[in-house]
Amino acid sequence: MRTRRDVDQRLNTLLAEAFEQGRCAAPDPRDTRTLRGRVRAGTVVEPYPQLFASAELWQRLSARDRSMFVMRTLTERNPHLVFCGRSAALAHSLPVNEGPLLPLHVITPSKRPVRTTAHLQRHMKLNPEHAIRDGVRVTTLTQTVVDCGRTLPFSEALAVMDATLRMLDVERPMLDGFIDAHAPGYRGVRRAHKIAAWADGRAESGGESIARAVMIEAGIAPSDLQVTFVDPMDPWRRPRVDFLFNLRDGSRVVGELDGMEKYVEPRYLNGRSTVDALVRERQRESHLTLLRMPIVRFTMRDVWTPGRLVAMLAQAGVTAETLTGHDYRATAPRPDLPYGSRSWTTPAPPIEL
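Below or above, wherever it landed, is the structure these notes cover.

About the cut-offs
Residues numbered from 1 in each chain as written. Predicted model: local features only at pLDDT ≥ 70, side-chain atom pairs only at ≥ 80, totals over all residues. Heavy atoms only, no water. Axes fitted to C-alpha atoms, helices over the stretch in contact; angles between N-to-C directions. Helix = DSSP H or I, 4+ residues; strand = E, 2+ residues; numbered from the N terminus. Parallel < 35°, antiparallel > 145°, perpendicular 65-115°, else oblique. Contact = heavy atoms within 4.5 Å. Nonpolar A, V, L, I, M, F, W, Y, C, P; charged D, E, K, R; others polar. Buried < 20%, exposed > 50% of the residue type's maximum accessible area, 1.4 Å probe, protein only. Arc of directions from axis to C-beta. Phe/Tyr/Trp six-rings, centres within 6.5 Å; stacked < 30°, edge-to-face > 60°.

1. Some thoughts on the packing of helix α6 (residues 141–151) against helix α8 (residues 173–182)
At step 1: At a minimum axis separation of 9 Å, α6 and α8 run at an interaxial angle of 90°. Judged by the angle between their axes, α6 and α8 are roughly perpendicular. In contact with Thr 142, Gln 143, Val 145 and Val 146 of α6, α8 contributes Leu 175, Phe 178, Ile 179 and His 182.
At step 2: Considering only residue class, the contact of α6 with α8 consists of five nonpolar, three polar and no charged.

2. Overview of α8
At step 1: Every buried residue belonging to α8 is among Leu 175, Phe 178, Ile 179 and His 182, and all of these are buried. Projected down its long axis, α8 shows its buried positions confined to an angular sector of 95°, all on one face. Facing away from the buried side of α8, by more than 90 degrees, are the exposed residues Pro 173 and Ala 181.

3. Here's the deal with the side chain of His 105
At step 1: Within the secondary structure layout, His 105 lies in strand β4 (residues 104–108).
At step 2: Those residues in contact with His 105 that sit more than four places away from it in its chain are Val 82, Phe 83, Cys 84, Ser 87, Gln 121 and His 123.

4. Looking at the packing of aromatic side chains
At step 1: Within this structure, the stated rule accounts for four aromatic pairs.
At step 2: With a centroid separation of 6.1 Å and an interplanar angle of 85°, the aromatic rings of Trp 58 and Phe 69 are classed as edge-to-face. On the criterion of sequence distance, the pair formed by Trp 58 in helix α3 (residues 55–58) and Phe 69 in helix α4 (residues 63–77) is long-range, its members being 11 residues apart. Of the two residues, Trp 58 and Phe 69, both sit in the buried class.
At step 3: An angle of 45° between the planes, with centres 6.2 Å apart, marks the rings of Trp 198 and Tyr 328 as tilted. With Trp 198 in the loop between α9 (189–196) and α10 (206–217) and Tyr 328 in the segment after α15 (308–315), this residue pair connects regions lying 130 residues apart in the sequence.

Structure below.
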């Protein structure tokens with residue numbers, strides 16, 4: 001006869017083993033009822049129907065990892081599921097909005113339909129090409145990028161396309177080839193092509209891409225990206241700025257996305273302390289000001305606050321009326337050269353989103 005202590009110990013083991021394997025626990029119906037009692041008590045979470053995890057351990061996971069835990073579990077339960085769209089983008093480590101967790105997006109063959117619910121959004125496609133990423137069956141990288149371009153908001157889709165160009169080290173026209181190959185006749189193809197025309201692999205983070213999307217939608221696309229200058233105080237140094245705006249009066253304005261991660265994450269600190277990183281950044285900015293260019297520093301909070309980033313740039317003189325006719329699409333993607341050393345190409349025609 002099983003005692004309450006035996007049941008608790010078995011369920012604790014079930015939850016712990018699943019967590020160690022990077023997935024949620026998927027118990028039988030009898031244990032499901034018991035675990036839902038723990039959910040009500042706050043010691044267990046049920047992020048997806050009939051999937052469970054320790055509440056304490058779940059809180060330690062990032063938003064992406066939570067999605068991956070659920071998707072791994074569903075992949076084991078249903079070998080025919082192929083995740084797509086934003087869900088596949090997470091598995092490919094593409095910069096999409098990581099929350100909310102649900103709904104998850106899947107492609108299923110018509111012979112094995114999965115009911116669309118608030119938790120699982122079904123997309124029909126026969127024999128979809130797939131790859132395994134981090135233990136999850138997903139659409140291929142190129143298919144995922146195309147699907148994101150067709151369906152996600154402009155800023156997210158642009159971030160995904162920028163990251164793809166950067167990851168694959170390919171030029172912008174390759175995106176059009178991906179779209180033509182993977183989405184012939186599909187809804188949203190024209191939209192994907194329009195967004196691809198704005199993509200640029202020089203963006204170094206999803207945040208930069210999203211900020212640029214806000215600028216584009218406001219009619220103030222940067223004149224150049226990741227521009228390198230000669231430091232007037234230390235000529236052997238080459239400081240690089242995120243965005244450069246060329247104005248009609250001949251002046252220039254710098255835009256810099258200020259992310260906290262470069263002051264706290266080891267991969268950005270390179271052995272330096274946070275204080276050292278802050279001091280170095282202040283010195284870098286003071287040297288750049290000697291080039292007689294206003295510097296507009298902004299955070300992702302400024303980017304997400306409607307009208308905030310546009311107003312900040314306007315204070316520095318950057319408006320649709322003051323910018324020159326060329327935007328960053330007309331510059332060669334060579335951020336290692338000092339400003340003024342680039343070759344210019346024929347500007348791409350403006351595209352309405």
